[in-house]
Amino acid sequence: MNSVAVRIAGLDVARGIAVLGILAMNIGAFAMPTYAYLGPLAYSAPGADPAAERTAWLLSYLLFDGKMRALFALLFGASLLLLAERIEAAGGDPARWHAARMALLALFGLAHFYLLWVGDILFGYAVAGALLFGFRGLTAPALAALSIAALLVGMALEWPFFGIDLTGPLARFIAESNAAEVAAYRSGYAGGLGYRLGPVVDWPLANLLPGLFEVAAAMLAGMALYRAGALGGGWSRRRLAGVGAAALVAGAGWQAALAAQVVRADYGLAATLFATAGPVWPARLAMAAGLLLLIAGWTQGGGEGMARRWLGVAGRTAFSLYIASSLLLTFCFYRPDAFGSVGRPAQAGVAFAAAALLLIVAQLWARTGRRGPLETAWRRATKAIAT
């Protein structure tokens, strides 16, 4: 198998894992108010078992929180360089193509936010991707240094919010926001649409910073890994496994320390706010990068088994599956009897079932021999603008 085939296989499999794994976190923002992300004391379903809620939140925090988004961003950065190389090799203008792709992705993201879900990541990725294209000619060490710098700047921007007793006013704000969101989404799709076009209409821009720096740091890290040859067959499987495992363990240790602090604070809002904001960014990035390197090693040799084949198919239709998951979860939870009423343990079961369904749908679609519907639309629209 040549390096190009290896590289594509690794990226596709990683993207498949990311689009399915992200359901474990996204489902909470479909089933409950946005600020439930901050833990069981921020919001729990009426009648839910407190111990089960805390355990479910803690497990999702340790295993999934931010890791799949970071994995997507790493892949986005690597793909930025890969696509630019392909366009240049074909005699095209990579800057023009990239600008068109990012503009369209931003529009997709805004439509996703306003029509379906306040947790959209596409708009932020488009902004970061547009800003980082100018760095594509840098060496791997320079890109890695920029990644670290972006991470530190973003963390510094968040740091003033810590060390201040926000528990009282924060708790009141969260309670008021939760009440408004529950009332809106329990009235059905129209109520949710009115909420997104009303109280949170400015969120796509208002919430860009400082999180944009976390996204940029992961994209730059992905660019650095690609430039270093880690994702294109340039590293041995042993090196990929060693570096990947080290990064995964280091990140897990960092995040476990933050989780222990949350447990000691009895899941208080000040502790969960600290643990889910800037201080956890390095752990997320390290764990996502470690996972990506391990996946690259897994796909670098041997035959293609069923797991690799199915995940690769999901990765090639990741954009379509991401939006499909939003449509599916909108149908499941934006109803009077569902929104805010399903506890975290039950949500995990729904997320697993949804991931299994999407994986099967991707395999059935692959039999048609066509690209994913949104991948096709994005590609055709980009080509129409850029040529």
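Note that residues are indexed from 1 along each chain, following the sequence as it is written. Side-chain atom pairs in this predicted model are given and counted only at pLDDT of 80 or more, local residue features only at pLDDT of at least 70, and totals for whole chains, interfaces and linings cover all residues. In computing side-chain values, all of the structure's heavy atoms are included and hydrogens and water are not.

Notes on the overall build of the protein chain
And step 1. Along the backbone of the protein chain there are 18 helices and zero strands.
And step 2. For 387 residues, the compact-globule estimate of 2.2 N^0.38 gives 21 Å, and the protein chain sits close to it at 20 Å.
And step 3. Principal axes of the C-alpha set define a box for the protein chain whose edges measure 55 × 40 × 40 Å.
And step 4. Sorting the 387 residues of the protein chain into buried and exposed places 52% on the buried side.
And step 5. Long-range pairs, those at least 24 residues apart, make up 85% of the contacts in the protein chain with a sequence separation of at least 6.
And step 6. Lys and Arg are tallied as positive, Asp and Glu as negative. Neither His nor the chain termini are counted. By convention, the charge on Lys lies at NZ, on Arg at CZ, on Asp at CG and on Glu at CD. Across the protein chain, the 29 positively charged side chains and the 18 negatively charged ones have centroids separated by 12 Å. Secondary structure elements follow DSSP: runs of H or I no shorter than four residues count as helices, runs of E no shorter than two count as strands, and numbering proceeds from the N terminus. Here the radius of gyration uses the C-alpha set of atoms, whereas the globule reference equals 2.2 Å times the residue count to the power 0.38. We call a residue buried when its accessible area falls under 20% of the maximum for its residue type, exposed when it is over 50%, and partly exposed in between, using a 1.4 Å probe and counting protein chains only. By the convention used here, residues are in contact when the closest approach between their heavy atoms is within 4.5 Å.

With respect to the environment of A52
And step 1. When you line up the elements, A52 lands in helix α3 (residues 50-63).
And step 2. Remark: the alpha-carbon pair of A52 and P40, spanning 12 residues in sequence, is separated by 9.7 Å.

Comments concerning the packing of helix α11 (residues 211-227) against helix α14 (residues 281-298)
And step 1. Interhelical geometry of α11 versus α14 gives an angle of 30° and a closest axis separation of 11 Å. With respect to their mutual orientation, α11 and α14 come out roughly parallel. Handedness of the α11/α14 crossing: right-handed. Residues G211, F213, E214, A217, A218, A221 and L225 of α11 form the contact with α14, whose participating residues are W281, R284, L285, L292 and L293.
And step 2. Each residue gets one of three labels, nonpolar for Ala, Val, Leu, Ile, Met, Phe, Trp, Tyr, Cys and Pro, charged for Asp, Glu, Lys and Arg, and polar for the others, Gly among them. Along the lines of polarity and charge, the residues of the contact of α11 with α14 split into nine nonpolar, one polar and two charged. Fitting a line to C-alpha atoms yields each axis, with helices limited to the stretch in contact; the angle taken between N-to-C directions then spans 0 to 180 degrees. Roughly parallel refers to an angle under 35 degrees, roughly antiparallel to one over 145, roughly perpendicular to one between 65 and 115, and oblique to any angle outside these ranges. Left-handed describes a crossing whose near helix is turned anticlockwise from the far helix by less than a right angle; the clockwise case is right-handed.

Some details on the nonpolar core
And step 1. Counting residues in hydrophobic clusters, the biggest one holds 111 residues, and the most contacted among them are L231 and F333.
And step 2. A per-element tally of this core places helix α4 (residues 67-89) first, with 13 residues.
And step 3. Sequence-distant contacts of F333, defined by excluding residues within four places in its chain, comprise I27, F30, A31, A338, F339, V342 and V350.
And step 4. By size, the runner-up hydrophobic cluster in this structure holds five residues, among which are L38, A42, I174 and L269. Side-chain atoms within 4.5 Å link the members of a nonpolar core, which is a set of buried Ala, Val, Leu, Ile, Met, Phe, Trp, Tyr and Cys residues.

Section: unusual backbone geometry
And step 1. With omega at -5°, the peptide bond leading from L209 into P210 counts as cis.
And step 2. Located in the positive-phi region is D266, a residue other than glycine, with phi close to 60°.
And step 3. Its location among the elements puts D266 in the loop between α12 (237-264) and α13 (269-276).
And step 4. The backbone of Y267 sits at a positive phi, close to 65°, despite the residue not being glycine.
And step 5. In this structure, Y267 sits in the loop between α12 and α13.

Here we look at the packing of helix α16 (residues 318-333) against helix α17 (residues 344-366)
And step 1. It is at 11 Å that the axes of α16 and α17 come closest, and there the two elements cross at 135°. When the axis of α16 is compared with that of α17, the two are oblique. α16 and α17 meet at a crossing whose hand is right-handed. On α17, the residues that touch L321, A324, S325, L328 and F333 of α16 are V350, A354, L357, L358 and A362.
And step 2. Taken together, the residues of the contact of α16 with α17 break down into nine nonpolar, one polar and no charged.

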